[in-house]
Amino acid sequence: MATGRRRLTPYLLLFPGVFWLVVFFVVPMYYMARLSLDSGTIEKGFEFSWQWSNYHDALTLYKDPFIRAFEYAGAATIIALLIGYPLAYAIAFKGGRWKNAMLVAVVAPFFTTYLIRTYAWQTILADQSPVTKALNAIGLAPGGHVLATAGAVIAGITYNFLPFMVLPIYASLERVDPRLIEAAKDLYASSRAAFVKVTLPLSAPGVVAGTLLTFIPASGDYVNAFFLGGPNNTMLGNTIQGLYLNTRDYPAAAALSFVLMAVIMVIVFVYIRFAGSEALMGEEATPV
Amino acid sequence: MLNAWVRTEGKDGRARRARGPQLMVVAVLALAASLAIAACGGGGIESSGGGKGKVETVKVSGKPSGNLTISNWPLYIDKNTVPDFEKATGVSVKYIEDVNDNQEFFGKLQPLLAKGESGGRSIFVVTDWMAQKMYDLGYLQNLDKAAIPNVEKNLVPNLRGRPIDPKDAYAVPWQSGMTGLIVRTDLAPDIKSICDLFNPKYKGKVDMLTEMRDTVPLVMKCQGVDLAKATEQDWLNAIDKIKAAADSGQIRRFTGNDYAKDLSSGDVDAVIGWSGDAIQLQADNPDIQFVMPKEGCMLWSDNMVIPVGAPNPTAAEAWMNYVYDPKNQAQITDYNYYVSPVSGVKPILQKTDPTAAKSDLIFPSKQFTAKCDAAPPLSGAEETKVTAAFNAVVTG
Amino acid sequence: MEARAAAAPTYVRRESAPRRAWAWLKKRALNIYAGFAIAYLLIPIAVIIAFSFNNPAGKYNFTWEGFTLKHWADVFSLPDLNSALVKSLEIALVATIVATIIGTLMALALVRYQFFGRRTTNFLIVIPMATPEIVMGASLLSFFLILGTPALGTTTLMIAHIMFCISFVVVVVRSRLIGFDRSLEEAAQDLGASPIQTFWRVTFPLILPGVIAGALLAFALSIDDFVVSNFNSGTTVTFPLYIFGAAQRGIPVEVNAVATILFSATLIVMGLTVIQQRRAERMSAMRPQQEGE
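Residues numbered from 1 in each chain as written. Chains lettered and ligands numbered in written order. Predicted model: local features only at pLDDT ≥ 70, side-chain atom pairs only at ≥ 80, totals over all residues.

**Some details on the overall build of chain A**
Move 1: When helices and strands are tallied, chain A shows 12 helices and 2 strands.
Move 2: When the helices and strands of chain A are placed in sequence order, the string is α-β-β-α-α-α-α-α-α-α-α-α-α-α.
Move 3: When contacts within chain A are restricted to residue pairs at least 6 apart in sequence, long-range pairs at least 24 apart make up 70% of them. (Helix = DSSP H or I, 4+ residues; strand = E, 2+ residues; numbered from the N terminus. Contact = placed C-beta atoms within 7 Å.)

Rendered as structure tokens:
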């Protein structure tokens, strides 16, 4: 429907949005890159000087939180997948008339402020709480406390991002045509085989979306480590936040942010290449 | 609506690569836009040379009036002082408790101060070393001493002519205090020195402060360093010791004001903490006590300063004068239990709150603080290096 | 084996009770698991709500010390909390309105038109959703710092919030537009309506639920935003920033009460939207078969 005048319409419609996103999202990336190559201090002022050593210095000094961020985010993503997939499956296939209520329950945590629900875990996992005492009795709490350990941070991240895992998987499971499963069973497949060969591959796009939507924000998170962790559970996010807002060492902070973004982009592209096309075609089960 | 949400587009494998030419055009446009902005931008941190001119002196004129915004640490003032001041002078006070950490506060205000603004504040209260740092950067104003006669008259002798402000030109102490050990004497009666905090018996049951100039000098004392002669290497050695303890799990957390929570709940046995908090905590739990470490404590003072761009310096100085009247000061000290910089408070408290008047923590004797020191000064490249090393341990 | 046990009612031979119980368990296992998982999701919310009724002696709200309604009575008695809440609402309102308008326009363009640069624009919209918040916040901060203007505060917060809300609004409205029946528009035009009239009187009311959904999502994202705000707020305090600061000194019980209010309000709004959607679906089901949402 693109007649002469109409050709302009989409551009006019798009202009405010594209302008906003380019000026306030794309351009700041350039500025962050520039800041990462500055030298100087907050007192004496900063100067752009192609200081590539900022990257090297920041990465050596802060390599522990850097690695931990990906470790914790990875662990949390896997656990969220293990917890979330069955839940999504249950809602999609066994939900019945409770489906909407269950979905609301899954989304409900979002209705409370992120900080408060993380802070609530401090109460739940406090040293004297029944939960901690129970975990201690089973032996899952070395040192007698759960807070200020890696476990608490990973548990927090898993909890906070679980809905991001469940919803995409639910969405793709819901679209699975039940007749396909019936067909598989008609061909003498057991329930388990039907699941592995039919349902799982068809839900792969949802799994891919869910894991990415969980892993990416989790790797940059710092709130969970702040509330639930100790000094050797800090993540890259804590470091970046500290450098930007406390120490005001902007070049190092910008360098770290940039590396974080670069690593995530690499992981995402590799993951999509690896899991993407096969998952889309549903040819083979995605290794979970 | 749920359906709309659930169909959120994500990385569902559609790794679209935009067609080459389109991408080029957009990239060129973005680059052009940013270069344009870059060319006409700049006025921010990259062009500030941190230059400062002469330090101005506050101009006090006439009677105090109008609005006064004060930034202070939390829980540092009683409920009545502000209303009483408002009644006495007619000034309308906005008292904000947004100073949680010196560095964090400095970080927040620095972009404004560098431009000569203070975000509406006419007074804020920061610890001595930070006040000096700000003064050296030209962010503070000198005071008009004629408008603060009470300060001249009542400031205790040992806080006059301090190294950070030899001429008492810009900093008026708000309260001073001691940093030492606060211990759950019911859980860990044996902790009597800083070195005891590193005892594996208390692994994971110890907190230290994120305030570098409290934690590190105390550990240096534990290592036998004479603070008057401390070198950069001494600082770094102490930081290494702290790092080892943090890595091994000996130190549970590095905290600001929130060590009180860990102590109250018994999550930790002992912390490095501030004297006034000990008294407040004791009210809830008499087993929590301030223990003067064998090696001695750190002495510090939080100071009222007037920043550049303060909108109402006249009212600010009136406030300083007001709180240096022993009567008003007694009210404040009786609430926060820190060491008052105003002489003449003790006799007043002896009548209104004799227990407080007897406390070593509020009116420490010379003997009590015999081994206590102020934090050794750090500046320039030394400060940057030490701060970076310490922050790496605390925030990872 | 499982199938036989599940068909127990008509089966003559009685299985032993434990075996029947086990079979019942296996059949219901997934549902039971779902119950546990949902309980796990809801526990912290329950804790938050419960502790808003707590009566702690000191400043820390950790251990249950007694039931009281007094913190609910003076839920709005803390001036710092109130000004932070008001600031959050203010920013969320502006960000929602602007982002919804911009986002809806973009969604219309993307769904309705074929144009040069379409793929790139799609890409541009998806990337902010894929970027960690800390990177967005940090880069915006770098931008504002180097430019030197505007000063960090309410303005920069609004700019930042609008930025990250746009993508989400586009996605929500777009999914609504994709299932849209163009024949209604064509009918209107056949009856002589101009494109603008068609839009306002036919298209817009029909996509309104999607637009509202997008607006609600933007509002929720803005009110709850912490990371990007933390970096770009300067000395301004929003509700999440207030909590972050207060966490050091002990979060007052009133904050739990406010969080409960926000939670209930969102739950109610969501409930109303779902009910309204159900009603709309029922009404459209009564009409002759059409391609609808």
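Following the structure, the description resumes.
**Structural notes on the overall build of chain B**
Move 1: When its secondary structure is counted, chain B shows 15 helices and 10 strands.
Move 2: When burial is assessed residue by residue, chain B has 49% of its 396 residues classed as buried.
Move 3: For chain B, restricting intrachain contacts to residue pairs at least 6 apart in sequence, the fraction spanning at least 24 positions comes to 79%. (Buried ≥ 20, exposed ≤ 12 C-beta atoms within 10 Å, placed from the backbone.)

**Observations regarding the nonpolar core**
Move 1: Of all hydrophobic cores here, the largest spans 282 residues; its most connected members are Ala270 and Trp319 of chain B.
Move 2: Among the elements that line this core, the one with the most residues is helix H7 (residues 150-174) of chain A, at 16 residues.
Move 3: Beyond its immediate stretch of four places on either side in the chain, Trp319 of chain B contacts Leu68, Ile70, Phe85 and Ile123 of chain B. (Core = buried A, V, L, I, M, F, W, Y, C linked by C-beta atoms within 7 Å.)

**Some details on the domain arrangement of chain B**
Residue and element names in this part refer to chain B.
Move 1: Each assigned domain of chain B is listed with its residue range as follows: domain 1 (67-170 + 306-324) and domain 2 (178-299 + 375-395).
Move 2: Centre-to-centre, using C-alpha coordinates, domain 1 lies 28 Å away from domain 2.
Move 3: Each side of the interface is counted separately: domain 1 has 5 residues, and domain 2 has 6 residues.
Move 4: Counted by class, the side of domain 1 that touches domain 2 contains 3 nonpolar, 1 polar and 1 charged residues. (Domains from an automatic or database assignment. Nonpolar A, V, L, I, M, F, W, Y, C, P; charged D, E, K, R; others polar.)

**Structural notes on the packing of helix H7 (residues 154-178) of chain C against helix H9 (residues 195-224) of chain C**
Residues and elements named next belong to chain C.
Move 1: Two elements in contact, H7 and H9, have axes separated by 8 Å at closest approach and are oriented at 155 degrees. As far as their axial angle goes, H9 and H7 are roughly antiparallel. The two elements H7 and H9 meet at a crossing, and its hand is right-handed. Mapping the contact onto sequence places His161, Phe164, Cys165, Phe168, Val169, Val172, Val173, Arg176 and Leu177 in H7 and Ile207, Pro209, Gly210, Val211, Ala213, Gly214, Leu217, Ala218, Leu221 and Ser222 in H9.
Move 2: Looking at the contact of H7 with H9, its residues break down into 14 nonpolar, 4 polar and 1 charged. (Axes fitted to C-alpha atoms, helices over the stretch in contact; angles between N-to-C directions. Parallel < 35°, antiparallel > 145°, perpendicular 65-115°, else oblique. Left-handed = near helix turned anticlockwise from the far one by under 90°.)

**A closer look at the interface of chain A and chain C**
Move 1: Each partner contributes residues to the interface: chain A has 68 residues there, and chain C has 64 residues.
Move 2: Those elements that provide at least two residues to the side of chain A that touches chain C are helix H1 (9-36), helix H3 (63-94), helix H4 (99-107), helix H5 (114-124), helix H9 (191-219), helix H10 (223-228), helix H11 (236-247) and helix H12 (250-281) of chain A.
Move 3: In the side of chain A that touches chain C, the residues fall into 54 nonpolar, 11 polar and 3 charged.

**Some thoughts on the pairing of strand E9 (residues 298-305) of chain B**
Residue and element names in this part refer to chain B.
Move 1: E9 sits mainly inside the fold: 8 of its 8 residues count as buried.
Move 2: Here E9 shows two buried faces, one formed by Met298, Trp300, Asp302 and Met304 and the other by Leu299, Ser301, Asn303 and Val305.
Move 3: Of the strand pairs in this sheet, strand E3 (residues 123-127) and E9 are connected by 4 bridges, and their pairing is antiparallel. Of the residues in E9, the one forming a bridge with Thr127 is Asp302.
Move 4: Relative to E9, strand E4 (residues 172-184) is paired through 7 bridges, and the arrangement is antiparallel. Paired with Thr179 across the two strands is Met298, which belongs to E9.
Move 5: Taken together, the 2 bridges between E9 and strand E10 (residues 373-374) define a ladder with parallel strand orientation. From the neighbouring strand, Met298 faces E10, where its bridge partner is Asp373. (Pairing = 2+ DSSP bridges.)

**Section: the environment of Ala255 of chain A**
All names here are of chain A.
Move 1: Its location among the elements puts Ala255 in helix H12.
Move 2: Here Ala255 falls in the buried class, since 29 other C-beta atoms lie within 10 Å of it.
Move 3: Remark: the alpha-carbon pair of Ala255 and Asp38, spanning 217 residues in sequence, is separated by 9.8 Å.
Move 4: In contact with Ala255, not counting residues within four places along its chain, are Ser36, Asn54, Tyr55 and Ala58.

**Some points on the packing of H11 of chain A against helix H6 (residues 133-147) of chain C**
Move 1: Their axes nearest at 11 Å, the elements H11 of chain A and H6 of chain C cross at an angle of 15 degrees. As summarised for this structure, H11 of chain A and H6 of chain C are arranged roughly parallel, according to the angle between their axes. As for how H11 of chain A packs across H6 of chain C, the hand of that crossing is left-handed. Touching Gly237, Ile240 and Tyr244 of chain A of H11 of chain A are Ile134, Ala138 and Leu141 of chain C, all from H6 of chain C.
Move 2: Across the contact of H11 of chain A with H6 of chain C, the residue classes break down as 5 nonpolar, 1 polar and no charged.

**What about H5 of chain A?**
Move 1: Most of H5 of chain A is tucked away, with 8 of its 11 residues classed as buried.
Move 2: Here H5 of chain A has its buried residues at Leu115, Ile116, Arg117, Thr118, Tyr119, Ala120, Trp121 and Thr123 of chain A.
Move 3: Where H5 of chain A is buried, its residues contact H7 and H10 of chain A together with helix H2 (17-51), helix H11 (239-249) and helix H12 (253-286) of chain C.

**Thoughts on the environment of Pro217 of chain B**
Residues and elements named next belong to chain B.
Move 1: Relative to the assigned elements, Pro217 resides in helix H7 (residues 212-222).
Move 2: C-alpha separation for the pair Pro217 and Pro376, spaced 159 residues apart in sequence, amounts to 7.7 Å.
Move 3: Once residues within four sequence positions are removed from consideration, Pro217 is found in contact with Leu227, Met298, Ala375 and Pro376.

**A short note on unusual backbone geometry**
Move 1: Although it is not a glycine, Ala148 of chain A sits at a positive phi angle of roughly 65 degrees.
Move 2: Structurally, Ala148 of chain A can be placed in the loop between helix H6 (130-138) and H7.

**With respect to the confidence of the model for chain A**
All names here are of chain A.
Move 1: On average, chain A scores 85 in pLDDT, and the residues at 70 or more come to 93%.
Move 2: Confidence, read as mean pLDDT per element, is least for H12 in chain A (79) and greatest for H3 (93).
Move 3: Confidence drops under a pLDDT of 50 for residues 277-288, and excluding neighbours within four residues, the segment shows 23 contacts in the predicted structure. (pLDDT = per-residue confidence, 0-100.)

**Structural notes on the pairing of strand E2 (residues 45-48) of chain A**
Move 1: Pairing geometry for strand E1 (residues 38-41) of chain A and E2 of chain A, over 4 bridges, is antiparallel. Looking at E2 of chain A, one finds that Asp38 of chain A is bridged to Phe48 of chain A.

**Description of the confidence of the model for chain B**
Residue and element names in this part refer to chain B.
Move 1: Summing up the model confidence of chain B, the mean pLDDT is 85 and the portion of residues at 70 or higher is 87%.
Move 2: At the level of individual helices and strands, chain B shows its lowest average pLDDT in helix H1 (residues 2-6), which scores 36, and its highest in E3, which scores 95.
Move 3: In the predicted structure, residues 1-21 sits below a pLDDT of 50 and forms 53 contacts with residues beyond four places in sequence or in another chain.
Move 4: Of the two predicted TM-score estimates for the complex, the pTM is 0.84 and the ipTM is 0.83.

**Here's the deal with the environment of Gln248 of chain C**
Move 1: With respect to the element layout, Gln248 of chain C can be found in helix H11.
Move 2: The spatial distance from the C-alpha of Gln248 of chain C to the C-alpha of Ala21 of chain C is 51 Å, given a sequence separation of 227 residues.

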